[in-house]
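Chain by chain, the residues:
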Amino acid sequence: MRKYDVIIIGAGPGGLKCAEVLGKNNKKVLLLEKNFAIGPKICAGGLTRKAFKYLRVPDQLIEKRFQGIIFQSLKQRTRLEFGEDFAYTIEREKLGQWQFNKLKSLKSVDIETGTEVVKISDEHIVTGSNEKIYFEKLVGADGSNSILRKHLKISSKLVGIAFHYLVPIEQCKDLSEIEVHFDSKLFSAWYSWIFPHRDYVSIGY
């Protein structure tokens, strides 16, 4: 029988950081990721200055830096200027792999990929291979469709679908800043985005 101080479901940036903090404080941690690879994600790839400093992301992972952001509506176009780096674009996969590699030196943290949690009780989880693993505490870092959220009967009041295109930078040379576009006829109460990276531009909704 396996038992941990903390089981974390989901190895996105939040789950990885949680495992790092707990592991450095000598907690016995199991980090579970249902996908076989850590890092890839449909994501605009932007980090705010606050998140960048909190995660202590190394400069070599930065693709582009931004001191402002453009907001576009049907009536006007406005650029907010912050006078210093406000946001950064990174490759989500590289961020995940960097965070993952930091955990390898923590002996109290076990990481398992390709392991989906299919059932939760008050004292253990059940994986897709029908293994029971016991815990003292359980952390749900598995996104908007969280199995822990369902177990706790916390309803999702609003669910949105996002998609994006990665357009080669050569085709988007005039897109050099982060832009957020609002158009209720196209996006209802939501928005579309433009996030320039080093080799491509993420354009999505």
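Residues numbered from 1 in each chain as written. Predicted model: local features only at pLDDT ≥ 70, side-chain atom pairs only at ≥ 80, totals over all residues. Heavy atoms only, no water.

## Describing the overall build of the protein chain
Each helix and strand in the protein chain was counted, giving five helices and 15 strands. A principal-axis box enclosing the C-alpha atoms of the protein chain has dimensions of 60 × 35 × 25 Å. In the protein chain, buried positions account for 39% of the 205 residues. Taking the intrachain contacts of the protein chain between residues at least 6 apart in sequence as the baseline, contacts between residues at least 24 apart amount to 62%. (Helix = DSSP H or I, 4+ residues; strand = E, 2+ residues; numbered from the N terminus. Buried < 20%, exposed > 50% of the residue type's maximum accessible area, 1.4 Å probe, protein only. Contact = heavy atoms within 4.5 Å.)

## Here we look at the sheet that holds strand β8 (residues 109–113)
One key point about sheets: their strands pair by backbone hydrogen bonds, in either a parallel or an antiparallel sense. Read across the open sheet, the six strands follow the order β8-β2-β1-β11-β10-β9; overall the sheet is mixed. A single partner strand is all that each edge strand has here, and the edge strands are β8 and β9 (117–120). Recorded for the sheet is a direction-independent mean angle of 40° between the axes of neighbouring strands. On the sheet, helix α1 (residues 13–24) packs against β1 (2–9), β2 (29–33), β8 and β11 (132–140) and is oriented at approximately 170° with respect to β2. (Pairing = 2+ DSSP bridges. Axes fitted to C-alpha atoms, helices over the stretch in contact; angles between N-to-C directions.)

## A few points about the sheet that holds strand β14 (residues 192–196)
Pairing is mixed in the open sheet, where six strands are placed in the order β6-β5-β13-β14-β15-β12. The sheet is open, and its two borders are formed by β6 (77–81) and β12 (164–168), each paired with just one other strand. Within the sheet, the average angular offset between the axes of one strand and its neighbour, ignoring direction, is 15°. Relative to β14, strand β13 (residues 179–181) runs antiparallel, the two sharing three bridges. Within the sheet, the bridge partner assigned to E179 lies in β14 and is I194.

## Thoughts on the environment of V29
Inspection of the secondary structure assignment puts V29 in strand β2. Spatially, the C-alpha atom of V29 lies 4.7 Å from that of V109, the residues being 80 residues apart in sequence. Not counting residues within four places of it along the chain, the set of residues in contact with V29 comprises Y4, V6, I8, A19, L22, G23, S108, V109 and D110.

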